[in-house]
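Summary of the model geometry
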Amino acid sequence: MSQTHLDENPINSQQLKMTLPWKQILLLSITGCLTVCTQDVIFQGPKWRTEPTGLILPINSPDKEAIITCEAEGTPPPQYRWSLNGTVIDLGNDYRRHLSGGSLIITKLDKDQDSGLYQCTAFNTWGSIISRKASLQFAYLDNFKTQTTRSAVNVREGQGVVLLCGLPAHSGELTFAWIFNELPYYVQQDSRRFISQETGSLYIAKVEPSDVGNYTCVVNNTISKEKVLSSPTPLVRRDGVMGEYEPKIEVHFPDSLQAAKESLVKLECFALGNPVPEISWRRTSGVPFPSKIKMRNSNAILEIPNFQQEDAGTYECMAENRRGKNAARGRVTFHAKPQWLQTMADTALSIEENLFWECKANGKPKPSYSWLKNGELVIAEGRVQIENGVLSITVLNTSDTGMYQCVAENKHGIIYSSAQLMVLASPPSFSKSPLRALLKARLGSEVTLECKPQASPPAISLWKKGNEILQRNERITLLPNGTLKIANLTRQDTGSYTCVAKNHFGTASTTGRLLITEPTRITMRPTNMEIIVGESIVLPCQIACDPALEVSFSWAFNGQLINFQQDSDHYERVGGSISGDLMIRNIQLNHGGKYVCTIDTEVESLSTSAILVVKGPPGPPDKVSVEEITDSTAQLSWSPGRDNGSPIIGYIIQARTPFTVGWQAVDTVPEVINGNMLTATVSGLNAWVEYEFRVVARNIVGLGEPSPPSAKTRTEDTIPDTAPTDVGGGGGTKSELVITWEPVPEELQNGEGFGYIIAFRPVGTVTWTRAIISTTGVSRYVFRNDTIPPFAPFDVKVGAFNHRGEGPFSSITTVYSAEEVPGVAPKSIRARNVSAAQIEVIWEALPAISERVLGYEVVYWEDDTKPDTIGKMRISGNYTLVNITGLRANTVYYLSVAAFNTAGPGPQSAPINATTKKPPPDRAPLNVQWTMTGSTLTLQWDPVVPMETESKVTGYLVLLKRHRYNDISTIPTNKTTIELSLSPNDNYLIQIKACSDGGEGVGSEPIHIHKLRMGARGSGASALSSWHLSALLISALLSSAW
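All figures in this text were calculated on a predicted structure; none of them were measured in a lab. (Residues numbered from 1 in each chain as written. Predicted model: local features only at pLDDT ≥ 70, side-chain atom pairs only at ≥ 80, totals over all residues. Heavy atoms only, no water.)

Attention shifts here to the state of the cysteines. As enumerated under the stated definition, the model contains 6 disulfides in all. With its sulfur 2.0 Å from that of its partner, Cys 165 forms a disulfide with Cys 217. Classification of the bridge connecting Cys 165 and Cys 217 rests on its S-S torsion, roughly -85 degrees, and on that basis the disulfide is left-handed. Taken together, the positions of Cys 165 in the loop between β14 (161-163) and β15 (170-171) and Cys 217 in strand β19 (residues 213-221) put the pair 52 residues apart, joining distant regions of the chain. Cys 165 gets classed as buried once you look at its relative accessible area, which sits at 0%. For Cys 217, a relative accessible area of 0% corresponds to the buried category. Bridging Cys 541 to Cys 597, the disulfide has an S-S length of 2.0 Å. Measuring the twist about the S-S bond at about -80 degrees, one finds the Cys 541-Cys 597 disulfide to be left-handed. (Disulfide = S-S within 2.5 Å. Helix = DSSP H or I, 4+ residues; strand = E, 2+ residues; numbered from the N terminus. Buried < 20%, exposed > 50% of the residue type's maximum accessible area, 1.4 Å probe, protein only.)

Okay, structure coming up:
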C-alpha cells in the first residue's frame, strides 16, 4: 500500500538529451528509471571479458592476418575503438583493419605500418574504459650477409678456440646449432664443447685432432620457423701442441641482469683451458641453491625456474683445472610488473554523498598510481583529491557519474582496474519495501514497523495512525532511521499506520494495519518418559490460541528438525489444527533423547520439551580377552557395553571351536555371572582345542547383542581322557583277527601325536598282545597269524595315547577270529517259473557241518557262456526257498545256490536252468458294456486274444474300488461277463484285466459308477463322458488307491 506524489507529465527522449545534467537525473527519476535504492542498482557500464594480449607473428605468415582480441559486456552492448601507439585508428577509412565484435582484425600485414602498441576502448551510454596495451611484433630471420667461405681458424692441439656465428638481422627468439663438415653431423655438446644460446658461438675448451674440419652455424627462428646456415668456417690444425694452461672464461652472464617474477632465468658460463676446466656455481651470500635450480650442459648453464624475490643476488661461476682457476660474477636483480592487491567495486551513491575509492598494487619497483574517468586522466582539484591509490570526491553531483579506472604502473608494466560510479537522485518510493498489509502482534509485546523508502538523497519520514501524527511518549519510540517501535501493546493500538517519506524530489507513503492478538497458551505438554524398544507412544503438544492466528507445529529431536516424510517409518504428526501431537512407532534405541515441540504463529514462538529414555537389551560387551588358559579352563575378562537405559544384571559366556556348530553356552565359575563382574572362568573345556569366546549381556529387557569374538586361543594339551567306543570286530579271512572301534573325535584327542593301542588275548589267557597305530583316523586293525584257529574268541580292548602319554582303555569285549567258509554246497536244487518276471528256487538245507551257516546265496545269470551277466540274492537264516523277481519274460536263466557266513560264500551247487513264462497280453479288454438294474451291475466285454509271443489268457480279474471305504475287491472270472451286487449309497471305480500264466495284463479304462445313477446303462467311454472325467484322471486315482 504505497503511493508516490509525482508530476506525471510525459517526457520524450529528445527532451531528455537537451536538459542540463541535474535535470536529466531528476527527469529520469520521474520516469521511474532511478526509483531504486542503492542496494538494488544494476550496474550496466562496460566490463572487460577479454583484454588484448601481445602477438608475435611470422613476417611471412601464410594467412597474412592478425586478430587482436577485445571483448566487454554491458547494457547497452559496448562499442569499441582502437589506438596504435597512442593514435586512434580511423577504421572507417582503413581498408586493411576492421572489427569483429570488439576484436581488431588486420589483413595484408605490413611490418612497418602494423608494428607497435595497440589499445582497445569499450564504451556505452554509461561511460568508457580502456584496455591494457598489447604489442604486435613480426618475427623474421634474414640470411647471413656473406655466403663466401669464412677465413680458416688455425689452432694447435690442446689450444682453446671460439668460432663466431655472426648473427644475421632478425626479430624473435633464436636457437643455435653447429654442423660439423656436413649434414647430418651436428656438434654434440659436452664438457669440452659448448654452444651459447645467447651469442650463437661455438666454444671448444681444448682442441683435439678429431676437431679438424669445417663448421657451419645453424640459426633457427622459433616463431617464424625459418632457418639459415652460415658459410663454413674451416678449423685447421697448426703444428705443435699447446701446453697446459689455466682456465679462461669466454662465456659468462652479464655483470647485472634483471629477471622478471616467475620467469625462467638461464645463466651461461664456459671456459677454455688445458686440461678441460670443470664448471661449478655458488651464491656469494653462501645461501645454498634450492632444489628447483638445475645444472645443464656439464654445468655450463644454470637454470632458475619460477624466479622469485628470494632468488635475487650475486651468482659466481668457477672454472677450474689443475693449472688454476678463474671466476666470473654477476648480480641478478628481481623485478615484477604491478599486480592488484585491492581494487574498487561498482558503487552507487546518492547525490551530495562522498566517494572514497582505494586501490593497491604490489610490484618492483613500487608502482605509481593515476586515475581515469571514461578513459581521460582525472586531475586532482577542488572536490576531487588523489593521493597514491586513493580517489575521493566530496559532495557528489550527477556529472561525477561514469566509468573510472585506477592505473598502477612501473617500468615493467601497467595494469587497469575498472568500476562504475552511479550518482542517484530520485524521489521516495516504497515499491520495494511497503508495509505489510496486515501485521499481527501479541498483546503486551513490542512491535517494530520499519520505514525504508528508496530515495536519493535519503528521505525524511513521519508516522501517522489513521490521520493523527504520532509523537514520542513512554510507549512510542521514533528512531532516526524512520523505524517506529510501540512497547507494551494494548488493544487500543489496533489500527492503520502510515509512514510518509519526503525529499526535495518528491513524497511517498505506505500504509499497513496492526492487529493485536491474545497470547497463545500450551494446554498439554509432553512429559519425560521411559519406554522399551519396539513400543510406540504419543508425545502431546496442544494449545489454545487467538482464532485470528495461523499456527504451525514442528518437532525437533536432539536439535535436528524431524522430517516427517523421510522418517515416516517411525514419526507421524497426529491431531488437529490446535494439536501437534507426535506419534513415535516401533521405538529404537537411537530414538532416545530430547524432543522439542515448537509452536509458531505470526506473533510469537513457543516451545516445550521432554526427555525420552529408551530402554533396550544391552549393547555388546567389548575387548573380550583370554587372560589365562589351562587344558580345561580359561580365565576371561571383558569391558561392559552400553546398558541402553536398564542396568546389566548378568552375563552369559559362549564358545566356538572348529568342531562345534555355531556358538554354544559354556559352564563358568561362578555359575551365575552378575552384572557387576567383568571376569569369569570357563570350565569343562577340551584340551588342545582352539577356542573363541564371546560374552552376551542381559538386563530386564532381555539379552543383548554378543560381543566381538576373542582372539583364537588353544587350550593346553594333556593325556587322552576318552577311550575309543563301540569296540568290536570279527570276520575277515582265514587266520585273521579283525578289531574295529569308533575313532576318538579330534576335539577329544587332547594333544599332538595321537594314536591307538590295540590289546587282545585269547579268552582264558592272561598275557595281552599290544599293537600301536599312530594314524588318528584309523578305526580298524587286522592281526594275521597262521596259528589263529577259526572262529576263536578273543578278549579285546582299545586305548588312546598322545605325546603326553597313554589314556584310558575301553572296556573288554569279545571278538571272534575269522571263520572258514562253508565247505559243502546245497543239494536238490529245483526251480519253477512262476510268471514272466519271477522264478521260484528251492533247495535242501545243509546238514550240520563244522563251519557256521548264516544263510544262503542264490546266483543267477542269463547266458551260460557269459557268467558276468550275474545277479545275486541272499537270504539269512535256515530258509530254503526264494523268489527271484524282476526277470525278463520268456528268457532262460541259470541258477546256483551256496551257503555263506562271515567269511563269505562256500562252494556253489551245480547250475540248473529255468525259463520265465511268456509275457501277459499287453492289450486291455475292449468294448466294456455295463447295465445297472437296481443294485445289480452287469458287465460284459470282448475277450482278449493273446499273440503267439504272449501267454494264453486263463481268465479275467474285475477290480472294484469303493469310494467310502477306500478298499479294493478283486473278483476272478473265466468268462467275459459278470454280475456284481453294489451298495446304492456309495461310488465305485471298476477296472477289468486279463489273467495269464505270464501274469496280469493291462487294465481297461476305469468305469465310474455314481450312487445316483442306479438304473442306468452305458459303456466305459459313455460313463466317463457323462461325468466329464477323463480316463487319465480316473486311472490315476485308481492307480494311487491300488
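Taken in spatial order, the 3 strands line up as β68-β69-β72 in an open sheet, and their pairing is antiparallel. Strands at the two margins of the open sheet, each flanked by one partner only, are β68 (725-729) and β72 (780-784). For this sheet, the mean inter-axis angle between neighbouring strands, taken without regard to orientation, is 15 degrees. Inspection of the sheet shows β68 paired to strand β69 (residues 736-742) by 3 bridges, in the antiparallel sense. Opposite Thr 725, over in β69, you have Glu 742 as the bridge partner. (Pairing = 2+ DSSP bridges. Axes fitted to C-alpha atoms, helices over the stretch in contact; angles between N-to-C directions.)

This paragraph deals with the nonpolar core. Ranked by internal contacts, the top residues of the largest apolar core, which has 21 residues, are Leu 267, Trp 281, Phe 307 and Tyr 315. The set of elements that each furnish at least two residues to this core consists of β24 (265-274), β25 (278-283), β27 (301-304), β28 (313-321) and β29 (324-342). Setting aside its immediate chain neighbours within four residues, Trp 281 contacts Phe 253, Leu 267, Glu 268, Cys 269, Phe 289, Met 295, Asn 299, Ala 300, Leu 302, Glu 316 and Cys 317. (Core = buried A, V, L, I, M, F, W, Y, C linked by side-chain atoms within 4.5 Å. Contact = heavy atoms within 4.5 Å.)

Two descriptors summarise a pair of aromatic rings, namely the distance from one centre to the other and the angle between the planes of the rings. Within this structure, the stated rule accounts for 21 aromatic pairs. Here the aromatic rings of Phe 289 and Tyr 315 are separated by 6.1 Å at their centres, their planes lie at 15 degrees, and the arrangement is stacked. Taken as a pair, Phe 289 in the loop between β25 and β26 (294-296) and Tyr 315 in strand β28 lie far apart in primary sequence, 26 residues in all. On the basis of relative accessible area, Tyr 315 is assigned to the buried category, the value being 0%. Arranged with centres 5.3 Å apart and planes meeting at 65 degrees, the rings of Trp 638 and Tyr 651 form a pair that is edge-to-face. (Phe/Tyr/Trp six-rings, centres within 6.5 Å; stacked < 30°, edge-to-face > 60°.)

By the definition in use, this model includes 41 salt bridges. Ionic pairing is found between Asp 112 and Lys 111, a salt bridge with its closest N-O pair at 3.6 Å. Overall, the relative accessible area of 32% leaves Lys 111 in the partly exposed class. The closest approach of N and O atoms between Arg 442 and Glu 604, which form a salt bridge, is 3.2 Å. Of the two residues, Arg 442 sits in strand β40 (residues 438-442) while Glu 604 sits in the loop between β57 (593-600) and β58 (605-615), which places them 162 residues apart along the sequence. Where salt bridges share partners, they join Asp 94, Arg 96, Arg 97 and Asp 114 into one cluster. (Salt bridge = Lys/Arg side-chain N within 4 Å of Asp/Glu carboxyl O.)

This brings us to the UniProt feature "domain: Fibronectin type-III" (unreviewed entry) in the chain. In the UniProt entry, the feature "domain: Fibronectin type-III" (unreviewed entry) is given for residues 620-718, 723-820, 825-919 and 924-1015. The span residues 620-718 carries 0% helix and 44% strand; its end-to-end C-alpha distance comes to 34 Å. Between the end C-alpha atoms of residues 723-820 there is a gap of 32 Å, over a span that is 0% helix and 50% strand. (UniProt positions renumbered as here; feature names shortened; annotations may be inferred.)

The sheet built from 3 strands is open, its strands ordered β14-β18-β17 with antiparallel pairing. Both outer strands of the open sheet, β14 and β17 (193-195), are each paired with one neighbouring strand and no more. When the angles between neighbouring strand axes are averaged without regard to direction, this sheet yields 15 degrees. Sheet analysis places β14 next to strand β18 (residues 202-204), joined by 3 bridges and oriented antiparallel. Following the sheet pairing, Leu 163 is matched in β18 by Leu 202.

By the element assignment, Glu 320 lies in strand β28. Under the relative-accessibility criterion, Glu 320 is labelled partly exposed at 42%. A sequence separation of 73 residues divides Glu 320 from Pro 247, and the C-alpha atoms of the two residues are 6.1 Å apart. In this structure, Glu 320 is in contact with Pro 247, Pro 277, Glu 278 and Lys 325, ignoring residues within four places of it in sequence.

Here the amide bond leading from Leu 183 into Pro 184 is cis, since omega sits at 5 degrees, within 30 degrees of zero. With respect to the secondary-structure elements, Pro 184 resides in the loop between β16 (174-180) and β17. That bond from Ser 456 to Pro 457 is cis: its omega, 0 degrees, falls within 30 degrees of zero. In this structure, Pro 457 sits in the loop between β42 (454-456) and β43 (460-465). For Ser 298, which is not glycine, the phi dihedral falls at a positive 55 degrees. Using a relative accessible area of 43% as the deciding quantity, one classes Ser 298 as partly exposed. Of note in the backbone geometry, Asn 890 takes a positive phi value of approximately 55 degrees without being a glycine.

Take the pairing of strand β61 (residues 650-656) next. Across the 7 residues of β61, 5 count as buried, placing the element largely inside the fold. The pairing of β61 with strand β66 (residues 690-698) spans 7 bridges and is antiparallel. The partner of Ala 655 across the bridge, within β66, is Phe 693. Judged from the 2 bridges that link them, β61 and strand β62 (residues 664-665) form a sheet pairing that is antiparallel. Residue pairing for β62: Ala 655 is matched across the bridge by Gln 664.

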